[in-house]
Each structure stands twice: as C-alpha cells, then as structure tokens.
Amino acid sequence: MKFPVSPTVLTRRQAALMGLAMFPFYVQAGAGRAKDRVDIATDKAAAYIVKMQEANGSFNDSSARQSARNGYAMTALGIMALASIGHQPVDPSREGVAMKKALDFILRKDPRRRRREWNMYDYFGSDGSRMYGHGITTLCLTEMLGMSVTRTQEARLREVTTKAVMLILSSQRARKSSAKYRGGWRYKPDSNDSDLSVTVWQLMALRSAKNAGLKVPKEAIDMAVRYLKRSYYSPRNARGEPTNLRSGCGYIPGQPPRYSTAAAGLLSLQVCGEFDTPEVRGSTNWLVNQRVNSKEQWFYYGTYYYAQGMQKREKHIADRSRQLTEDVLLKLQRADGSWQGTDGMEAGAGRIYCTAMATLSLSVKHHFLPIYQH
C-alpha cells in the first residue's frame, strides 16, 4: 500500500487500515509542524459542524430550506467532512464523539426508510432529499466501513449499508423512457429518466461499497460509466469515440458542460478506473481553462468534484487546481468557520452543506477517505 507521507509517520487513516486505530502510540501526520492556512481553516470548519449538532445527533442548519434540515444527507456530509481531515468515530475528541453520535442518528431504526414499493430496502431519501440524499448517505456509510467504529456500529453499518446499496442497484434497473437514460438515476428510485447530478452520487456510493467488500455487480458500474460517457458533450466518430477533446459531461446527454457537471463527470469516471479515456482527457482540458469562480451555479458542489478530480491528473495540473481551490475558498470562509452559498440553490441548501463541501474540497492533500485514494 502506498502512503502519501513518510512511512515513519502514521496518519489516522493509515492506522485504521493497518488495524491500529486503537493503538495508543500512532502519530498523527504533520505532528510537530506548524499548521498551514488550510489546516487552520478546516479546523475552524470542523468546530462549526460540531457546534451545529442537534441533540438527536444530526447536523442541522435551521436556516436551510426544509429538505436540507435535520436530515440524513447533511449529517452524512458533515461526517465525511470530519473524516476527510483525519477524525474518526472512535476518537475521544469532540469531533470523534460528534461523529459517533451522528453515525448513530443515521443508523437508527426509522420506519420512514422502509417503503413497500421499493422492496423494503432502506431509502435515505425519505427525509425529502430524494435520491440525492440516498446516494450521499450511502457513500458516507460505505466510507465509514473503512474507518474505525465500535463493534456495535460495525454490525449495524453492514446491515444498513447492504440494504441501501440494494436500493441503488434496484433503482438503476427501473424502466427508462429512452435508451439514453439507461444506467443512470434521477430523483426517485423508480424515475424513468436520469441526470448526471444524481447519478454521480449513486455511482460513487457503489464504487465505495465495492471497495469496502460489499457485493456490487460489475455490470452496474459499467452501465453507469456508459451513461456518463453518453453525457460527454461531443460529436462521435465511426468508432463511437468523442472528437471534441475539450469538453465535458452535461446535466443530461446532449447538453453542453458546465463547471459542476464537467467536474462531477471527471471525478466519477476516474474513481471507476477511467484515467486515460478521451472523455477524461477532454474533461481535464476543458476544466483547465475554466475559472474557479464563486459566482458559478452550484459552486461548492462543482468545486468538491473539481478539487478531487483534478488532484488525480498530472502534477502540474493537480498543483495548480489545488492552489486555485484554496485561494478561492479561504477568502469565502466566514468568521465562525462556515461557508455560505452565493447562488440561490446553494444558499437554500444551508451552511452545513456548503461548509462540508468546502472542507472536502480543501482536504485533497490528506487522502484520508478511501474513495479518493483510487
């Protein structure tokens, strides 16, 4: 296993992978050195997320619109943000205690999650977040299978996560109104169309589940990858290959790319092992020439995918994109450690959402979450 730091220094993530999460003498990466500006910002962000925890364990921003309040998706994003900067649910710190409590909130028995029409699988979109929330929450749970949790949580994690993954697989097989939508997902488990923004969360969850040892058919991943490639905006040659190598994925097949969709397509394809395909090279070429601009629609969502996706490209591209991401995000952080959306949709999603996405974007230097190590 290749670690991103010197082998004499164990990160929290590495300790967990080596079965040493409870070993009292592991050394946190970077111990003994001064924190840089990103460390300071993400520490403040973590403090804000923890401060926003409700008595029931959820991370909740009461100023957000109804579907983003007191729900699974925001709590899952909060957990992943904390994990991305090195915290784990077994840590005795305030962040670790908050993560354990938040995980218990997601894993609790909730009759709203069991719907007969969806074969009694666990559906996390029942809080109003729809399949967005289901994909996000399932990704969080599959990532936690690679972290250190209590034995009780581990058993419950596998039970709940297995059912959540089964719902994603079942939903992918829903009858579609057009062949161009096959392999993707949309707002409801039985939607007859697909879009990229919902699909990428489900695909990331499936890939993470497979990494964690859960049963995910190869064909399910392959079908989703084919859907993403159909979403790449370009004419095709006789072999079916895109001829425009400066483009990206659109919201649905046939639509041109925007910052958020091109970045989401790039990361998702790479997570599935597509590192040198025309679609990945073209998306990289397109994104290299885009400004990281906070006025962009779905800026925090796009920057999360941009930061993680570009980090997997050539070093000069990775270094430049990381610098751009840091320069933009650090200027936008509020005094209380949070970030706030600027466009109408992200402003309505609330500060938990924006703060978690910003933290995940800034944490690329760590590679703590398993899904981003591939």
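Scroll up a little and you will see the structure.
Attention in this report is confined to the structure presented alongside it. (Residues numbered from 1 in each chain as written. Predicted model: local features only at pLDDT ≥ 70, side-chain atom pairs only at ≥ 80, totals over all residues. Heavy atoms only, no water.)

Remarks on the overall build of the protein
Looking only at helices and strands, one finds 14 helices and zero strands in the protein. Taken from N to C terminus, the helices and strands of the protein fall in the order α-α-α-α-α-α-α-α-α-α-α-α-α-α. Evaluated residue by residue, the protein yields a buried proportion of 59% over its 374 residues. Restricting the contact set of the protein to residue pairs at least 6 apart, pairs at least 24 apart contribute 66%. Put simply, the protein shows about 15,600 Å² of open surface, and 52% of that area lies on carbon and sulfur atoms. (Helix = DSSP H or I, 4+ residues; strand = E, 2+ residues; numbered from the N terminus. Buried < 20%, exposed > 50% of the residue type's maximum accessible area, 1.4 Å probe, protein only. Contact = heavy atoms within 4.5 Å. Areas by Shrake-Rupley, 256 points an atom, 1.4 Å probe, with all protein chains shown as cover.)

Things to note about helix α10 (residues 278-288)
Of the positions making up α10, those classed as buried are E279, V280, G282, S283, T284, W286 and L287. Next to the buried residues of α10 lie α8 (218-230), α9 (259-271), α11 (299-310) and α12 (315-332).

What to know about the pattern of salt bridges
A complete count under the given rule lists 23 salt bridges for this structure. As a salt-bridge pair, D36 and K365 come within 2.8 Å of each other at their nearest N and O atoms. Of this pair, D36 sits in the loop between α1 (12-17) and α2 (37-51) while K365 is found in the segment after α14 (351-362), placing the two residues 329 residues apart along the sequence. Exposure remark for K365: the relative accessible area of 19% places this residue in the buried category. We note a salt bridge from E326 to R322, for which the minimum N-O separation is 3.0 Å. Separated by four residues within a single helix, E326 and R322 lie in helix α12, roughly one turn from each other. Connected through salt bridges with shared partners, the residues R37, R322, E326 and D327 form a single ionic network. (Salt bridge = Lys/Arg side-chain N within 4 Å of Asp/Glu carboxyl O.)

Quick word on helix α4 (residues 94-107)
What sets the pattern is the α-helix's 3.6 residues per turn: residues three or four places apart point alike. With 14 residues, α4 ought to run about 20 Å at 1.5 Å a step, and its terminal C-alpha atoms sit 20 Å apart, in line with that. E95, G96, A98, M99, A102, L103, F105, I106 and L107 are the residues of α4 that are buried. Its buried side turned inward, α4 meets α2, α3 (72-84), α5 (130-144) and α6 (151-172). (Expected span 1.5 Å × (residues − 1).)

So, the packing of aromatic side chains
Tallied over the entire structure, the rule returns ten aromatic pairs. When the ring of Y72 is compared with that of F105, the centres are 5.6 Å apart and the planes differ by 40°; the resulting orientation is tilted. Taken as a pair, Y72 in helix α3 and F105 in helix α4 lie far apart in primary sequence, 33 residues in all. Judged on exposure class, the residue Y72 and its partner F105 are both buried. Aromatic side chains Y132 and Y187 sit 6.1 Å apart centroid to centroid with 45° between the ring planes, which places their arrangement in the tilted category. Residue Y132 is located in helix α5, and its partner Y187 is located in the loop between α6 and α7 (196-211); the two are separated by 55 residues in the primary sequence. Judged by relative accessible area, Y132 falls into the partly exposed class, the value being 22%. Of the aromatic side chains, those joined through ring pairs into one cluster are W201, Y301, Y304 and Y305. One Lys or Arg, R130, reaches over the ring of Y187 and ends 4.2 Å from the middle of that ring. (Phe/Tyr/Trp six-rings, centres within 6.5 Å; stacked < 30°, edge-to-face > 60°. Lys NZ or Arg CZ within 6 Å of the ring centre and 35° of its normal.)

Details of unusual backbone geometry
The backbone phi angle of R130 is positive, close to 60°, even though this residue is not glycine. Residue placement: R130 occurs in helix α5. For R130, a relative accessible area of 37% translates into the label partly exposed. In this model, H367 sits at a positive phi of 60°, which is unusual for a non-glycine residue.

Some words on the side chain of S247
Here S247 is to be found in the loop between α8 and α9. Taking the relative accessible area as the measure of exposure, S247 reaches 2% and is therefore buried. Those residues in contact with S247 that sit more than four places away from it in its chain are Y232, Y233, P257, G282, S283 and W286.

Section: the layout of surface pockets
A water-sized probe rolled over the atoms picks out the places where empty space is left. Of the voids in this model, the largest pocket is the one considered here, and its volume is about 610 Å³. Along the wall of the largest pocket there are 24 residues; nearest its centre are R65, R130, Y132, W298 and M345. For the lining of the largest pocket, the secondary structure elements donating two or more residues are α3, α5, α7, α9 and α13 (344-349). The element best represented in the lining of the largest pocket is α5, accounting for four residues. (1 Å grid on protein atoms, 1.4 Å probe; cavity = no way out; pocket = protein on both sides within 12 Å on 5 of 7 lines; lining within 4 Å. Points joined across faces, edges and corners; volume = space filled by probe spheres on them.)

Details of the packing of α3 against α4
When two helices pack together, their arrangement is given by the angle between the helix axes and the distance between those axes. At a minimum axis separation of 10 Å, α3 and α4 run at an interaxial angle of 150°. Put simply, α3 runs roughly antiparallel to α4. Of the two elements, α3 crosses α4, and the hand of that crossing is left-handed. Of the residues in α4, those touching α3 at Y72, T75, A76, I79, L82 and A83 are E95, M99, A102, L103, F105 and I106. (Axes fitted to C-alpha atoms, helices over the stretch in contact; angles between N-to-C directions. Parallel < 35°, antiparallel > 145°, perpendicular 65-115°, else oblique. Left-handed = near helix turned anticlockwise from the far one by under 90°.)

Section: empty space enclosed by the protein
Throughout the structure, instances matching the rule amount to one cavity of 30 Å³ or more. Around the largest cavity, the lining residues are S84, Q308, S363, V364, H367, F368, L369 and Y372.

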